[in-house]
Every structure is written in structure tokens, then in C-alpha cells.
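# Understanding the architecture of this molecule
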Amino acid sequence: MIERMGSALRAGVVYFLAVFAAGFVLGVLRTLFVAPRIGVLAAVAVELPIVLAVGWWVSARLQRGSSRTSRDAVLMGGTAFVLLMLAEVSLSIALFGRTFAEHLSLYVDADHQLGLAGQIACALIPMVQVRHRWREGSR
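End to end, helix α3 (residues 70–96) covers 38 Å across 27 residues, agreeing with the expected 39 Å (1.5 Å per residue, within 8%). When we look at burial in α3, the residues that qualify are D72, A73, M76, G77, T79, A80, L84, M85, A87, V89 and S92. Taken from the residues just after α3, G97 is the one with a positive phi, measuring 70°.

By the element assignment, A123 lies in helix α5 (residues 110–137). On the basis of relative accessible area, A123 is assigned to the buried category, the value being 16%. Sequence separation of A123 and W134 is 11 residues, and the distance between their C-alpha atoms is 18 Å. The residues touching A123, leaving out its near neighbours within four places in the chain, are G77 and F81.

Glancing now at the side chain of Q63. By the element assignment, Q63 lies in helix α2 (residues 40–63). On the basis of relative accessibility, which here comes to 1%, the residue Q63 falls in the buried class. Within the structure, the side chain of Q63 is placed 2.8 Å from the side chain of S59, a separation counted as a polar contact. At 3.1 Å, the side chain of Q63 forms a polar contact with the side chain of Q129.

Reading guide: rules and limits
Residue numbers here run from 1 along each chain, matching the order of that chain's written sequence. Predicted model: local features are reported for residues with pLDDT of at least 70 only, side-chain atom pairs are reported and counted for 80 or more only, and whole-chain, interface and lining totals are derived from all residues. No hydrogens and no water enter the side-chain calculation; it runs on all heavy atoms of the structure. Elements are defined by DSSP. Helices are runs of H or I of four residues or more, strands are runs of E of two residues or more, and each kind is numbered from the N terminus. Expected helix span is computed as 1.5 Å times (number of residues minus one). Relative accessibility under 20% of the residue-type maximum defines a buried residue, over 50% an exposed one, and the middle range a partly exposed one, all with a 1.4 Å probe and only protein chains included. We call two residues in contact when some of their heavy atoms are within 4.5 Å. Side-chain atoms alone can form a polar contact between residues adjacent in sequence; in general such a contact is a pair of N or O atoms within 3.5 Å, and within protein one must be able to donate a hydrogen while the other accepts it.

Here it is in C-alpha cells:
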């Protein structure tokens, strides 16, 4: 049981690193090149499906050939989500000089709400994939 939890936690960290790296690179491109042309919300809406596709692909690779349970998938996605949120807050504070409260206040804006929805969706991807495999296996 402990070994299985460790495996799911490690998968969550790798999943976080991949999604964070994709989001960071795309976020820089979005901020510098896309948002000035089409607006911030539209730019986030363009970026989000790409990040989710990366998340889907990475999650599937991490779970391939394993007998991941729903509990493993929740732990993997939950770990990635917590790390994504911590990284976002840390960057907001370190790079932009915001306080924690100022960072939280960003979520009143639609673009930040969409980004948060994307992070929640990334957290759910491993669970969706496990459920899908379970349903396919029961046919």
C-alpha cells in the first residue's frame, strides 16, 4: 500500500513537472505575443486546450501498463494540482511582487478563473483516464 502510494505520488510530481513546463512556456508566449493581439481571455482560451492535451498525453504515458486504481489517479492528480497551485502562487509572489492576498484577488478576473478551471481539469485527467480504462475493460 505504501509503495503504491509512493508510485502515485511520484507520478503526480512528474505529471506536475510536465504540465507546469508546458504551461510556463505557453504562458510566456501567450503573454508576449498572443494576448496583445487578441486579448488576455482569448489568449488563455487558445492556450488551455494545448496544455490540457499535453496533460492528457503525459498522464496516459505515466499510467500506461499499470493497474492504477481510482485512488492512485486521485493521488496523482491531487499531487499535481497542489504543486501547480503552489508554483503559481510562488511565481506570482517572486516574479510580480504580489502578496498572497493580491494573488488570490486575481481570481475575480475571467482569465484567471479559466486558468484555474484548466488546473482543476488537469487534476481530473488521471481519474477520467482510469475510469475510461475501467469501463472499456468491463465490456
